[in-house]
Amino acid sequence: MSFQNLLIEHKERIQYIIINRESKLNALNKATIAELHTAFNEAFNNPAVGGIILTGAGPKAFVAGADIAEFTELNGESGRELARLGQSTVFDFIENGSKPVIAAINGFALGGGLELAMACHIRVAAETAKMGLPEVTLGLLPGYGGTQRLTQLVGKGKALEMIMTADMITAAEAYQYGLVNYAVSPADLLSKAEEILNKILLRAPLAIAAAITAVNAGTKDGVNGFETEIEEFGKCFKTKDLQEGIAAFLQKRKPEFKGE
Ligand code: COA
């Protein structure tokens, strides 16, 4: 499948999804949102892909937000639909995916760009990256899950400060707040993301998927995360991977997981 707004690259079991609208600082227009859904759906369903690194084309931006030029056409109803469709097909879709997704934040991650990074399971930022939710400067609030995920990651006080002031923060500040897992030199950004992902890819894939499900359950209304954990724990006993993991431990060798 070829895309107008994305580049897809493979490096062994890692799939890169690169947002490629460099002249618009990789802003998320409707077409890019639709392509992101297709690309992630394909990656999650492709057995050759173990995990995904999401980044932006060029040195300047990861994603500088939703495409503001498309906002001129919107009204109350279509604005709500834009947020609902984006959340379900891309942001929630990534967060609830069965494979690990790492955001490699190579530059500006603003508005929908920071929201996209926050929907990923792990974030690595270049020290030169700037992050923020500037929607209130336009007369909006974050609409792709930012009010919820930023609060989960940094706490209510810092989230409200960032959202209400609209200030951008540096990668060092983002690291200090727990918004990104690592802040590294721009030259080391992709290798750090790959290092983390390659380590995850040595582990049992179904257990990784179960862990994503259980951790996410704790943030969902009306879902008992502890109960989800118990269910997922039980399901792992039906996998060949668990038998392999136990056998490898007892035989003092490295496990070879097949995701079965
Ligand atoms: N939507 C649509 N276009 C965008 C965009 C966005 N979110 N962010 C940047 N662009 C476009 C600019 O309009 C410009 O296009 P042009 O060359 O056709 O005029 C191009 O990308 C380069 O951006 P520019 O503003 O010239 O770069 P800069 O270095 O002066 O400023 C930013 C960089 C990120 C500070 C600035 O682009 C910005 O504030 N962007 C909007 C951020 C935002 O509010 N995002 C939340 C949206 S809800």
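Computed from a prediction, not measured in an experiment: that's the story for all the values here.

1. Details of the sheet that holds strand β4 (residues 61-63)
And step 1. Spatially, the four strands line up as an open sheet ordered β4-β6-β8-β9, and their pairing is mixed. Both edges of this open sheet fall to β4 and β9 (169-170), since each of them pairs with a single strand only.
And step 2. Relative to β9, strand β8 (residues 130-132) runs antiparallel, the two being bridged by two bridges. Bridged to methionine 131 within β9 is isoleucine 169.

2. Observations concerning the packing of aromatic side chains
And step 1. Overall, the coordinates contain four aromatic pairs when judged by the stated rule.
And step 2. Ring centres of phenylalanine 40 and phenylalanine 44 lie 5.8 Å apart, and the angle between their planes is 45 degrees; this geometry places the pair in the tilted category. Of this pair, phenylalanine 40 and phenylalanine 44 are both found in helix α1 (residues 30-45), four residues apart, which corresponds to roughly one turn of the helix.
And step 3. For phenylalanine 40, a relative accessible area of 0% translates into the label buried.
And step 4. The exposure class assigned to phenylalanine 44 is buried, which follows from its relative accessible area of 10%.
And step 5. We note lysine 192 situated over the ring of tyrosine 182; from NZ or CZ to the ring centre the distance is 4.3 Å.

3. Here we look at the domain arrangement of the chain
And step 1. When cut into domains, the chain gives domain 1 (6-200) and domain 2 (205-250).
And step 2. Between the C-alpha centres of domain 1 and domain 2 the distance comes to 26 Å.
And step 3. At the interface, nine residues of domain 1 touch six residues of domain 2.
And step 4. Both sides together, the interface formed by domain 1 and domain 2 hides about 570 Å², and carbon and sulfur atoms give 56% of it.
And step 5. Summed over the shared surface of domain 1 and domain 2, the number is zero salt bridges.
And step 6. Connecting domain 1 to domain 2 are three residue pairs in polar contact (both at pLDDT 80 or more).
And step 7. Residues that form the side of domain 1 that touches domain 2 fall into these classes: two nonpolar, five polar and two charged.

4. Describing unusual backbone geometry
And step 1. Unlike most non-glycine residues, leucine 25 shows phi in positive territory, near 50 degrees.
And step 2. Within the secondary structure, leucine 25 is located in the loop between β2 (14-19) and α1.
And step 3. For lysine 252, which is not glycine, the phi torsion reads 55 degrees and is therefore positive.
And step 4. Looking at the secondary structure, you find lysine 252 in the segment after α10 (240-250).

5. Some remarks on the pairing of strand β3 (residues 51-56)
And step 1. Most of β3 sits inside the fold, with six of its six residues counted as buried.
And step 2. Burial along β3 is two-sided: Gly51, Ile53 and Thr55 and Ile52, Leu54 and Gly56, pointing in opposite directions, are all buried.
And step 3. Across six bridges, the pairing between β2 and β3 is parallel. Its bridge partner being in β3, isoleucine 17 is matched across the sheet by leucine 54.
And step 4. Once the chain exits β2 it traverses α1 before rejoining the sheet at β3, and the crossover so formed is right-handed.
And step 5. Pairing of β3 with strand β5 (residues 101-105) involves three bridges; the strand directions are parallel. Along β5, the bridge assignment pairs isoleucine 52 with valine 101.

6. So, the site of the ligand
And step 1. Surrounding the ligand, one finds 16 residues, the nearest of these being Lys24, Lys60, Ala64, Ala66 and Ile68.
And step 2. The side chain of lysine 60 places a nitrogen or oxygen atom 2.6 Å from an oxygen atom of the ligand.
And step 3. Its free accessible area being 870 Å², the ligand has 59% of it covered by the protein chains.
And step 4. Within the shell around the ligand, the residues separate by chemical class into 10 nonpolar, two polar and four charged.

7. A few points about the packing of α1 against helix α2 (residues 76-95)
And step 1. Where α1 meets α2, the closest approach of the two axes is 9 Å, and the angle between their N-to-C directions is 30 degrees. Classed by the angle they form, the pair α1 and α2 counts as roughly parallel. In this structure, the crossing between α1 and α2 has a hand that is left-handed. In contact with Lys30, Ile33, Leu36, His37, Phe40, Asn41 and Phe44 of α1, α2 contributes Leu82, Gly86, Thr89, Val90, Phe91, Phe93 and Ile94.
And step 2. Of the residues in the contact of α1 with α2, the class split is nine nonpolar, four polar and one charged.

8. Description of the nonpolar core
And step 1. Leu36, Ile105, Leu116, Met131 and Leu179 are the most contacted members of the largest nonpolar core, which totals 47 residues.
And step 2. Top contributing element to this core by residue count: α1, with six residues.
And step 3. Grouped together as the second largest cluster of nonpolar side chains are 17 residues, Ala193, Ile196, Leu197 and Ile200 included.

Analysis parameters
- Residues numbered from 1 in each chain as written.
- Predicted model: local features only at pLDDT ≥ 70, side-chain atom pairs only at ≥ 80, totals over all residues.
- Heavy atoms only, no water.
- Pairing = 2+ DSSP bridges.
- Helix = DSSP H or I, 4+ residues; strand = E, 2+ residues; numbered from the N terminus.
- Phe/Tyr/Trp six-rings, centres within 6.5 Å; stacked < 30°, edge-to-face > 60°.
- Buried < 20%, exposed > 50% of the residue type's maximum accessible area, 1.4 Å probe, protein only.
- Lys NZ or Arg CZ within 6 Å of the ring centre and 35° of its normal.
- Domains from an automatic or database assignment.
- Contact = heavy atoms within 4.5 Å.
- Buried area = accessible area lost by both parts, 1.4 Å probe.
- Salt bridge = Lys/Arg side-chain N within 4 Å of Asp/Glu carboxyl O.
- Polar contact = N/O pair within 3.5 Å; in protein donor to acceptor, adjacent residues only side chain to side chain.
- Nonpolar A, V, L, I, M, F, W, Y, C, P; charged D, E, K, R; others polar.
- Right-handed = clockwise from strand over helix to strand, strands pointing away.
- Near = heavy atom within 4 Å.
- Areas by Shrake-Rupley, 256 points an atom, 1.4 Å probe, with all protein chains shown as cover.
- Axes fitted to C-alpha atoms, helices over the stretch in contact; angles between N-to-C directions.
- Parallel < 35°, antiparallel > 145°, perpendicular 65-115°, else oblique.
- Left-handed = near helix turned anticlockwise from the far one by under 90°.
- Core = buried A, V, L, I, M, F, W, Y, C linked by side-chain atoms within 4.5 Å.

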